[in-house]
Amino acid sequence: MIKEKNLRRFTENIFLSIGCPKKDAKLAADVLISADLRGVDSHGTARLIGYVRLFDHGRLNPNPEIKIVHETPSTAVIDGDKGLGLVVAPFAMKVAIKKAKRYGSGWISVQNSNHFGIAGYHSMLALPHDMIGWAMTNAAPLVVPTFAVEKMLGTNPIAVSVPAGNQPPFVADFASTAVAYGKMEILQRKGLSAPIGWVQDANGNPTDDANAVKNGGGLLPLGGDREHGSHKGYGLGAIVDIFSGVLSGANFGPWVPPFATAGFHGVAAEQVGKGTGHFLGAMRIDGFRPKEEFKASMDTWIERFRNAKHIENQPVLIPGDPERELEKERRANGIPLNDKVIEDLQGLGDRFGVKF
């Protein structure tokens with residue numbers, strides 16, 4: 001168990017060591033620590049070594065000039081200048097919020113960025129402004145469309161955050177696949193098998209091999225197979241890819257450059273756009289109805305779902321509940337880290353002279 005403040009300080013110092021400005025290093029660390037606190041261990045400081053790897057390969061600009069390259073009153077395209085997605089996405093979300101304050105909603109597509117951490121962090125930035133936040137991103141091709149054996153899509157997550165009144169906000173944050181690749185990495189570190197329905201082998205057969213993606217297989221869309229609705233997960237992933245990549249001028253589909261998979265999945269020689277793409281949005285609640293009325297209705301919605309008849313010993317959860325509970329626990333007791341993650345972080349500390 002590592003204390004939050006110690007892990008935060010270490011993470012910030014690693015980002016400073018690769019040349020990030022102080023404010024960017026602090027923000028990037030906050031995104032990763034937020035994931036660790038909320039129990040999304042696959043996207044927390046376990047990912048720190050991946051960002052350093054991007055820097056080593058010349059694919060990450062630690063001090064980018066993030067700028068708007070196309071704009072209308074309620075929309076914009078932002079070029080991230082190969083910066084940390086952990087920094088580029090909050091910049092874009094702030095632009096979306098600013099536009100929403102003036103025009104009711106703001107929608108931002110981002111090109112030339114990198115992995116942006118947990119999508120929920122960015123969508124939740126809208127909550128203090130009485131807005132609904134949206135965040136999605138495309139990612140490296142690890143996912144096989146329904147009936148395919150070729151990896152064409154990323155895990156392509158979607159996050160939507162909705163404010164309430166007396167109840168905590170509704171925060172849905174999920175990959176469009178049966179599982180995020182980071183969960184497969186956790187299984188690999190622990191030497192465990194994957195549940196059937198998460199991944200297929202190189203020939204398209206179901207497998208429980210947690211290393212299947214490295215060996216030519218692919219992650220499965222949400223649903224696992226056609227009989228269980230994988231075409232719907234495929235459709236969700238495709239929507240995210242089009243909004244994040246095609247709409248922004250970033251790479252899309254099989255051309256999205258790798259992040260977690262660097263080392264066994266190289267950058268495609270042919271590129272159809274710039275870097276990784278994101279799509280973010282903010283919607284003012286009072287653009288639809290008075291915000292207090294809406295929040296009261298959201299409270300009613302949440303309370304009714306919480307009180308739904310449920311199976312024994314398992315009440316119905318609202319999206320965001322598990323993460324909130326873990327955050328309380330981990331702020332109080334510390335953040336648990338896997339031995340392999342600790343080894344990676346210690347290695348980074350040794351390299352940059354940062355005490356872990």
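See the structure printed just above.
Calculation criteria
Starting from 1, residues in each chain are numbered consecutively following that chain's sequence as written. Reporting in this predicted model follows two pLDDT cut-offs: at least 70 for local features of residues, and 80 or more for side-chain atom pairs to be given and counted; totals over whole chains, interfaces and linings ignore these cut-offs and use all residues. Working from all heavy atoms in the structure, the side-chain values ignore hydrogens and water. For helices the rule is a DSSP run of H or I covering at least 4 residues; for strands it is a run of E covering at least 2, with both sets numbered from the N terminus onward. The quantity called the radius of gyration is restricted to C-alpha atoms. Its globule counterpart is 2.2 Å times the number of residues to the power 0.38. For each residue, the accessible area found with a 1.4 Å probe, counting protein chains only, is set against the maximum for its type, and the residue is called buried under 20%, exposed over 50%, and partly exposed in between. Two residues qualify as a contact provided that any one of their heavy atoms is within 4.5 Å of a heavy atom in the partner residue. Here the Shrake-Rupley method, with its probe set to 1.4 Å, supplies the accessible areas, and only the displayed protein chains count as covering residues. Residues with no salt bridge and a relative accessible area higher than 30% make up the patches, which join like charges within 9 Å and nonpolar side chains (Val, Leu, Ile, Met, Phe, Trp, Tyr) within 5 Å. What counts as a salt bridge is simple: a side-chain nitrogen of Lys or Arg found within 4 Å of a carboxyl oxygen of Asp or Glu. For this analysis, a nonpolar core means a set of buried residues of the types Ala, Val, Leu, Ile, Met, Phe, Trp, Tyr and Cys, connected via side-chain atoms within 4.5 Å. Any two strands are treated as partners once DSSP identifies two or more bridges connecting them. For this analysis, a polar contact is any N or O atom pair within 3.5 Å, provided that within protein one partner can donate a hydrogen and the other can accept it, and provided that sequence-adjacent residues contribute only side-chain to side-chain pairs. Axes here mean lines fitted to C-alpha atoms, for a helix over just the part in contact, with angles spanning 0 to 180 degrees between N-to-C directions. Should an angle fall under 35 degrees it is called roughly parallel, over 145 degrees roughly antiparallel, and 65 to 115 degrees roughly perpendicular, with every other angle called oblique. Three categories are distinguished: nonpolar for Ala, Val, Leu, Ile, Met, Phe, Trp, Tyr, Cys and Pro, charged for Asp, Glu, Lys and Arg, and polar for the others, with Gly belonging to the last. The length a helix should cover is 1.5 Å for every residue beyond the first.

Turning our eyes to something else, we now look at the overall build of the chain. Per the secondary structure count, the chain includes 10 helices and 9 strands. The C-alpha atoms of the chain give a radius of gyration of 20 Å, which matches the 21 Å a tight globule of 356 residues would have. Along the first, second and third principal axes, the C-alpha atoms of the chain reach 50 × 50 × 45 Å. The buried share of the chain, taken over its 356 residues, is 51%. Excluding contacts between residues fewer than 6 apart, the proportion of contacts in the chain whose partners are at least 24 apart in sequence is 66%. Carbon together with sulfur atoms contributes 54% to the accessible area of the chain, which is approximately 16100 Å² in total.

What follows is about a nonpolar patch on the surface. On the surface, Ile239, Ile242, Phe243, Val246 and Leu247 cluster together into a nonpolar patch covering about 450 Å² of accessible area. Considering the arrangement of structural elements, one finds phenylalanine 243 in helix H7 (residues 230–246).

A word on the nonpolar core. Side chains of nonpolar character tend, in soluble globular proteins, to be buried together. Ranked by size, the top nonpolar core spans 52 residues in total, and within it Phe15, Leu48, Leu84, Leu86, Ile108 and Leu345 carry the most contacts. The biggest single contributor to this core is helix H4 (residues 85–103), with 10 residues. Among residues more than four places away in sequence, those in contact with phenylalanine 15 are Cys20, Ala25, Ala28, Ala29, Leu32, Leu48, Tyr51, Leu84 and Leu86. Counting residues in hydrophobic clusters, the runner-up holds 16 residues, among them Met136, Val160, Ala164 and Met283.

Inspection of the sheet shows strand E1 (residues 67–71) paired to strand E2 (residues 75–79) by 4 bridges, in the antiparallel sense. Among the inter-strand pairings, isoleucine 68 is bridged to a residue of E2, identified as isoleucine 78. Counted between consecutive antiparallel strands, the loop separating E1 from E2 contains 3 residues.

Let's shift gears to the environment of glycine 216. Secondary-structure assignment places glycine 216 in the loop between strand E7 (199–200) and strand E8 (218–219). Sequence separation between glycine 216 and glutamine 200 is 16 residues; the distance between their C-alpha atoms is 9.1 Å. Setting aside anything within four residues of it in sequence, one finds glycine 216 in contact with Lys151 and Ala202.

Here we take up the side chain of serine 248. Here serine 248 lies in the loop between H7 and strand E9 (276–284). When its relative accessible area of 4% is taken as the criterion, serine 248 is described as buried. Within the structure, serine 248 has its side chain in polar contact with the backbone oxygen of serine 244 (distance 2.6 Å). Once residues lying within four places of it in the same chain are set aside, the contact partners of serine 248 are Val77, Ser109, Val110, Gln111, Phe243 and Gly277.

Bringing the packing of helix H3 (residues 48–56) against helix H10 (residues 339–352) into the picture now. Describing two packed helices takes the angle between their axes plus the distance from one axis to the other. Where H3 meets H10, the closest approach of the two axes is 9 Å, and the angle between their N-to-C directions is 45°. The angle between H3 and H10 falls in the class oblique. The residues of H10 that touch H3, namely those facing Leu48, Ile49, Val52 and Asp56, are Asp344, Leu345, Leu348, Arg351 and Phe352. Classifying every residue of the contact of H3 with H10 gives 6 nonpolar, no polar and 3 charged.

What follows is about the pairing of strand E5 (residues 158–162). Most of E5 is tucked away: 5 of the 5 residues are buried. Going residue by residue along E5, you find Ile158, Val160 and Val162 tucked away on one face and Ala159 and Ser161 tucked away on the opposite face as well. In this structure, strand E4 (residues 131–137) lies alongside E5, joined through 4 bridges in antiparallel fashion. Following the sheet pairing, tryptophan 134 is matched in E5 by valine 160.

Here the focus is helix H2 (residues 22–37). Given a rise of 1.5 Å per residue, 16 residues ought to cover 22 Å, and the 22 Å separating the end C-alpha atoms of H2 matches this to within 8%. For H2, the set of buried residues is Asp24, Ala25, Ala28, Ala29, Val31, Leu32, Ile33, Ser34, Ala35, Asp36 and Leu37.

Let us now look at the sheet that holds E1. Spatially, E1-E2-E3-E9-E4-E5-E6 is the arrangement adopted by the 7 strands of the open sheet, whose pairing is mixed. Bordering the open sheet on either side are E1 and strand E6 (170–174), each of which pairs with just one other strand. Each neighbouring strand pair of the sheet contributes to a mean axis angle of 15°, computed without reference to strand direction.

Within helix H6 (residues 181–190), 7 of the 10 residues are buried, leaving the element largely enclosed by the surrounding structure. Buried within H6 are the following residues: Tyr181, Gly182, Met184, Glu185, Ile186, Leu187 and Gln188. Contacts made by the buried residues of H6 are with E7 and E8. Among the residues trailing H6, glycine 191 stands out with phi positive, at a value near 70°.

Backbone geometry places lysine 82, a non-glycine residue, at a positive phi of 65°. Its location among the elements puts lysine 82 in the loop between E2 and H4. By relative accessible area, lysine 82 is classed as partly exposed at 35%. The backbone of phenylalanine 147 shows a phi angle near 80°, a positive value even though the residue is not glycine. When you line up the elements, phenylalanine 147 lands in the loop between E4 and E5. Assessed through its relative accessible area of 74%, phenylalanine 147 is described here as exposed.

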